[in-house]
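Examination of the molecular architecture
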Amino acid sequence: MKKSQIILGLAGIALLAGVFTSCVSVKSTTGLTLRDKRENFTIFTEGSVAENVTVEADGSVSWVATAAGGAGGGVAFYVNSDKKEINIANYKSIDVEFDYSPVEGKWNSNAQLPGFCMRILPWDSTGLFGGYEDLEYFDSTALSGTLTKTINIPNEFADRIKASSDFDSILGFALKFNDYNRGNSDGDQLKVTLKSVKFNAKDGAAADKAFDDGLTPDQRGTVVEMNYPTRDYTVDEAALTAADKYYKHAFVYLPAGYNSEDTATKYPVFILLHGFGQNEYTWGLTTEGRGGKIKGYLDRGMASGEVEKFILVVATGVADKSWGPKGSGNSFNGYNVFGGELRNDLLPFIRANYNVKEGRDNVAIAGLSMGGGQTFTIGIGECLDLISNFAGFSGALFSTSEQFISAVDSNKAFDGLKIHNLYMICGDADFLVYGSFPGYVEAMKNWTSRVENFESYVYPGGTHDFPVWYKGFNDFIHMVFKTGVQLY
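In this text, all values refer to a predicted model and were calculated from it rather than measured experimentally.

Residue position: Ser196 is located in strand β12 (residues 189–201). Look at Ser196 and you get buried, because its relative accessible area is 14%. Contact partners of Ser196, with chain neighbours within four places excluded, come to Thr29, Gly31, Arg38, Phe41, Asp95, Val96 and Glu97.

What follows is the structure in C-alpha cells.
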C-alpha cells in the first residue's frame, strides 16, 4: 500500500452527519457512467464518513470532509443503482470530475495543496473504512478549483482485490480526502462536489457477472450482538457506584450449524480487539448486509474446510465508562485495565452463554495497533493462564522485548504455561510501529522455552491500516483453527 494511506488505528474518524438522499436525478453530464449507460449517483450512506452530504440541484453530490489524524473522510458510492457488483478486471480506467475548496477558516495555511484518494470497495466492504483497496492517490495543483482526472486501473489491481476478498467483484468506490502526513491540522475541512464518474471498460471485456461466492445459506455463520455486565476498572472496587456498573456491547460470530441447545457440541473462542481511537464496530463485523469482510473470511474458511469452526467475539478493549457503544476509544487508562474485565467479566459471560470448549488451550486473542499491544501486555502478560493463542497486528508495544519476556518469565503463576501459537504482522512502511517490529519478531522467534509455534509476516508497502490487519486476521485463523485438529 502507498505511504499516504490513513492511520486509522490511532486516529478518530469524522462522524457521518447531515441528511441526504441516496439516489439523485441526473441532469446534464452529472452522475455515473458504466458501459456507456449513465445513471444517478447512488450513495452508500452507511459507508460514508462526511458532514453536510447534499444532493445538489444539478445531480452532483457535495460534502465536507474533515482531517482527523490521517483519517480524512469522504463519501462512498455504489457502482450500480441496484447495488449489484461489477468485475473490476473488466475495466481499464475511471474518469472523475469534481470541484473542491477548503472551508473558510478551516485550513492550515502550512498544509500542502488538497490531496485525494480513489478508493475501491470490494463486494464485502462495509464502506469507506470497512474493507477497501486504494486505487490511486493524487494531488491538486491549486488550493481550490475543478479537478478532472483519468485514473488507470493496473492489470494487477484485480489480483489485489482477489487477494483481499477472494473475488474481483466490487460493490462501489469512494472519493476520500487525503490528510495523511500532509501538514493538515485535525479539524481542517474540505468541501468536495462530485460531478461525474465514468468506468471505462476494456476493449472486448466480458459482461459483468453478479456476485456469487458459491456458498449456500446454511454454510454461512450468523452475527449476533451481546451485552454483558461489567464495570469501570479504573475505579477501586470499594468505591464503585451504580454509575460505574453497566452492560457492555459486543459482536459475536456464531459458525454455521451452531445450535445453542446442542450443549454437547462446543467450540473454541477467539476475542478480537480494535485500536486506539476505535471501538467494537471498527473491524466491520455487522448484523447488516453481508456482515463485513472478516465474516467473509470466516464463512469461506469454514465452508471450505480450511478453518475449524469457532466463535468470534469482537469486543471493546476500553474498560471504563467511556467505552461506548461506538465510543471514542481514547482512554489509555481504560485500555490499561482491560485485563480485569477480560478475566472477571467477558470470558465468564462467554462461557456461561455460548457453547465454548473448556480450558486455555481453546482460547485465542488478537488485536490491531493498541489492541495488538493489549494482546501482549494483557493477553500474555496478565492472562496466560486463561489464553494460549495470540496475535498482534501492527501491535503498539511499549516495552522492549527483553523487558516483556522477563516480566512474563518471572511470573511464577505462569510457570510451565506455553504459548501454543503466536503471530505478528506489520507493514514495512508503517512509521509508527515498524521500527520495533523486526527486533520483537526475532525475540519472539527465539523464545523457544515459551513459544511453541511462531509465525510473522512483513506486508510490503503496508502502512498502519486495514489491508495489513485484514491479512493478519485471515492468516491467524488459518494458523490456529486448523480443520480436524484440536488446538491443543
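Considering all chains together, one arrives at 42 aromatic pairs under this definition. Between Tyr100 and Phe116, the aromatic rings sit 5.6 Å apart at their centres with planes inclined by 70 degrees, giving edge-to-face as the arrangement. In this pair, Tyr100 sits in strand β7 (residues 91–102) while Phe116 sits in strand β8 (residues 115–122), placing the two residues 16 residues apart along the sequence. One exposure class covers both Tyr100 and Phe116, and it is buried. Between Phe270 and Phe476, the aromatic rings sit 5.4 Å apart at their centres with planes inclined by 70 degrees, giving edge-to-face as the arrangement. In this pair, Phe270 is assigned in strand β15 (residues 269–273) and Phe476 in helix α8 (residues 466–480), connecting sequence segments 206 residues apart. For the residue pair Phe270 and Phe476, the accessibility class agrees, reading buried in each case. Taken together, the ring pairs in this structure connect Phe270, Trp283, Tyr297, Phe310, Phe393, Tyr423, Phe466, Trp469, Tyr470, Phe473, Phe476 and Phe481 into an aromatic cluster. Over the face of the ring belonging to Tyr132 we find Arg119, whose NZ or CZ atom lies 3.6 Å from the ring centre. We note Lys471 situated over the ring of Tyr457; from NZ or CZ to the ring centre the distance is 4.4 Å.

In this section: the pairing of strand β18 (residues 389–393). Most of β18 sits out of view: 5 of its 5 residues are buried. By the alternation rule, side chains of β18 split into Asn389, Ala391 and Phe393 and Phe390 and Gly392, which are all buried. Where strand β17 (residues 363–368) lies against β18, 5 bridges are found, and the strand directions are parallel. Residue pairing in the sheet places Ala366 in a bridge with Ala391 of β18.

The next point concerns the nonpolar core. With 51 residues, the main nonpolar core has Met226, Ile311, Val313, Leu342, Leu346 and Met444 as its most contacted residues. Per-element tally for this core: the top contributor is helix α4 (residues 338–353), with 6 residues. Counting 44 residues, the second largest nonpolar core, distinct from the first, contains Val307, Leu312, Ala391 and Ile477.

Conventions and cut-offs
- Residues numbered from 1 in each chain as written.
- Predicted model: local features only at pLDDT ≥ 70, side-chain atom pairs only at ≥ 80, totals over all residues.
- Heavy atoms only, no water.
- Helix = DSSP H or I, 4+ residues; strand = E, 2+ residues; numbered from the N terminus.
- Buried < 20%, exposed > 50% of the residue type's maximum accessible area, 1.4 Å probe, protein only.
- Contact = heavy atoms within 4.5 Å.
- Phe/Tyr/Trp six-rings, centres within 6.5 Å; stacked < 30°, edge-to-face > 60°.
- Lys NZ or Arg CZ within 6 Å of the ring centre and 35° of its normal.
- Pairing = 2+ DSSP bridges.
- Core = buried A, V, L, I, M, F, W, Y, C linked by side-chain atoms within 4.5 Å.

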